[in-house]
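A look at the structure
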Amino acid sequence: MLLKDKVVLVTGASQGIGKAAAIGCAQHGADVAINYHSDEAGAADAVAQIEALGRRAIAVKGDVAQVETAQAFVDAAVAAFGRVDVFVNNAGICPFHAFLDMPPEVMERTMKVNLFGAYYMVQAAANQMVKQGDGGAIIAVSSISALVGGGMQTHYTPTKAGVHSLMQSTAIALGKYGIRCNSVLPGTIETAINKEDLADVAKREYMAGRIPLGRLGEPDDLAGPIVFLASDLARYVTGAALLVDGGAFVNLQ
Ligand SMILES: NC(=O)C1=CN([C@@H]2O[C@H](COP(=O)(O)OP(=O)(O)OC[C@H]3O[C@@H](n4cnc5c(N)ncnc54)[C@H](O)[C@@H]3O)[C@@H](O)[C@H]2O)C=CC1
Ligand SMILES: C[C@H](O)[C@@H]1OC(=O)[C@H](O)[C@@H]1O
């Protein structure tokens, strides 16, 4: 039990990596508040799975692109559980699109959800941790795309580099409060975000073939690294970025 009786908040946790992280934290003894955008059934299922583990859970609806969602989420978690120990910034979108004719609204929505949303959420969670006075852990779900490009992701990869950079800067700003800030950098994980993209069999085989561990990732592959960074096992780790990609990044030839 690495997170016994800790209170963990996860954004975008009605499915995919966020849901796996929320359940993974509950498996390690945490109570969990999840933010979700619109998938009521997915959020209810996440809550049910956490409660089945004997832990408490709430689901709070909100669009992370709206500034006020951040404080409302933290307030709801504090009302339910009294405090915030761990904050996982996971919510994100990746609407694949070419660069030269990128619609401004797609570009701006991607920035607002992935980067602005992360900024305001991390700020609200950090203020609560500072008020509590006994530290905390913040983990951002960045991406291998913080380090490498994507021709159909010119609006997306800067947001992932941005949240990685945000963790580096908040690690400095919040270190004196005992708040650790780190990011995980997933490779290609099979979720709804890339279902359409990976429906292209040739692309899917190419992507899988680039991975030394021999398979695409699944959401649960992120749960362990996130629990680790949230836990006291990582008590001297801050400002770090952990690739969780089956070795894809290092596979040049
Ligand atoms: N699947 C992959 O290959 C990779 C995913 N990531 C990142 O992992 C994170 C989670 O994505 P996945 O689980 O893969 O996809 P997903 O599509 O299953 O999950 C994304 C979650 O974010 C939520 N969300 C989207 N917009 C939101 C908004 N405005 N407000 C609140 N919630 C919102 C969705 O409802 C969903 O629950 C994202 O930040 C993504 O960029 C990073 C690297 C690789
Ligand atoms: C959604 C993509 O398949 C996925 O997102 C990322 O951040 C990865 O780098 C992949 O491109």
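Residues numbered from 1 in each chain as written. Chains lettered and ligands numbered in written order. Predicted model: local features only at pLDDT ≥ 70, side-chain atom pairs only at ≥ 80, totals over all residues. Heavy atoms only, no water.

**Considerations on the overall build of the protein**
Of regular secondary structure, the protein possesses 8 helices and 7 strands. Radius of gyration (C-alpha) of the protein: 17 Å, near the 18 Å computed for a compact globule of 253 residues. Counting every position in the protein, which comprises 253 residues, the buried fraction comes to 49%. Of the contacts made within the protein by residues no fewer than 6 positions apart, 75% connect residues no fewer than 24 positions apart. When the accessible surface of the protein is summed, it comes to about 11,700 Å², and 56% of that surface belongs to carbon and sulfur atoms. Taking the 19 positively charged and 24 negatively charged side chains of the protein as two groups, their mean positions are separated by 7 Å. (Helix = DSSP H or I, 4+ residues; strand = E, 2+ residues; numbered from the N terminus. Rg over C-alpha atoms; globule rule 2.2 N^0.38 Å. Buried < 20%, exposed > 50% of the residue type's maximum accessible area, 1.4 Å probe, protein only. Contact = heavy atoms within 4.5 Å. Areas by Shrake-Rupley, 256 points an atom, 1.4 Å probe, with all protein chains shown as cover. Lys, Arg positive; Asp, Glu negative; His and termini not counted. Charge placed at Lys NZ, Arg CZ, Asp CG, Glu CD.)

**Digging into helix α3 (residues 67–81)**
Taking 1.5 Å of rise per residue, 15 residues should cover 21 Å, and α3 covers 23 Å from first to last C-alpha, within 8% of that figure. Within α3, the full set of buried residues consists of T69, A70, F73, V74, A77 and F81. Each buried residue of α3 lies within a common arc of 125 degrees when the element is viewed along its axis, so the set occupies one face. Along α3, the residues that are exposed and aim more than 90 degrees away from the buried face are E68 and A79. For α3, the elements touching its buried residues are β1 (7–10), β2 (31–36), β3 (57–61), β4 (86–89) and α4 (104–132). Two residues or fewer after α3 comes G82, characterised by a positive phi angle close to 90 degrees. (Expected span 1.5 Å × (residues − 1). Arc of directions from axis to C-beta.)

**Side note on the pattern of salt bridges**
Summed over all chains, the structure comprises 12 salt bridges. For D85, the salt bridge is made with R83, and the minimal N-O distance between the two is 2.8 Å. Under the relative-accessibility criterion, R83 is labelled partly exposed at 25%. For D221, the salt bridge goes to R215, with nearest N and O atoms at 2.8 Å. Assessed through its relative accessible area of 43%, R215 is described here as partly exposed. Sharing partners across several salt bridges, the network here consists of K4, D5, D31, R55 and R56. (Salt bridge = Lys/Arg side-chain N within 4 Å of Asp/Glu carboxyl O.)

**Quick word on the site of ligand 2**
Every residue near ligand 2 is listed here: C94, F96, S143, I144, S145, Q153, Y156, G187, I193 and N194. Between ligand 2 and Y156, the relevant distance is 2.6 Å, taken from an oxygen atom to a side-chain nitrogen or oxygen of the residue. One nitrogen or oxygen atom from the side chain of N194 is found 3.2 Å from an oxygen atom belonging to ligand 2. Expressed as a share of its isolated accessible area of 290 Å², the protein-covered part of ligand 2 is 89%. Each residue belonging to the shell around ligand 2 can be placed in one class, and the counts come to 5 nonpolar, 5 polar and no charged. (Near = heavy atom within 4 Å. Polar contact = N/O pair within 3.5 Å; in protein donor to acceptor, adjacent residues only side chain to side chain. Nonpolar A, V, L, I, M, F, W, Y, C, P; charged D, E, K, R; others polar.)

**Digging into the sheet that holds strand β7 (residues 241–244)**
The strand order across the open sheet built from 7 strands is β3-β2-β1-β4-β5-β6-β7, with neighbouring strands paired in parallel fashion. The open sheet has two edge strands, β3 and β7, and neither has a second partner. Shown here is a sheet whose adjacent strand axes are inclined to one another by a mean of 15 degrees, direction ignored. Strand direction decides the pairing type here: β1 and β2, joined by 4 bridges, are parallel. Across the sheet, L9 pairs through a bridge with A33, a residue of β2. Packing against the sheet, α3 makes contact with β1, β2, β3 and β4, and its axis sits at approximately 155 degrees to β2. Packing of helix α8 (residues 220–230) onto the sheet brings it into contact with β4, β5 (136–141), β6 (179–186) and β7, and relative to β6 it is tilted by some 165 degrees. (Pairing = 2+ DSSP bridges. Axes fitted to C-alpha atoms, helices over the stretch in contact; angles between N-to-C directions.)

That is the geometry; function is a separate question.
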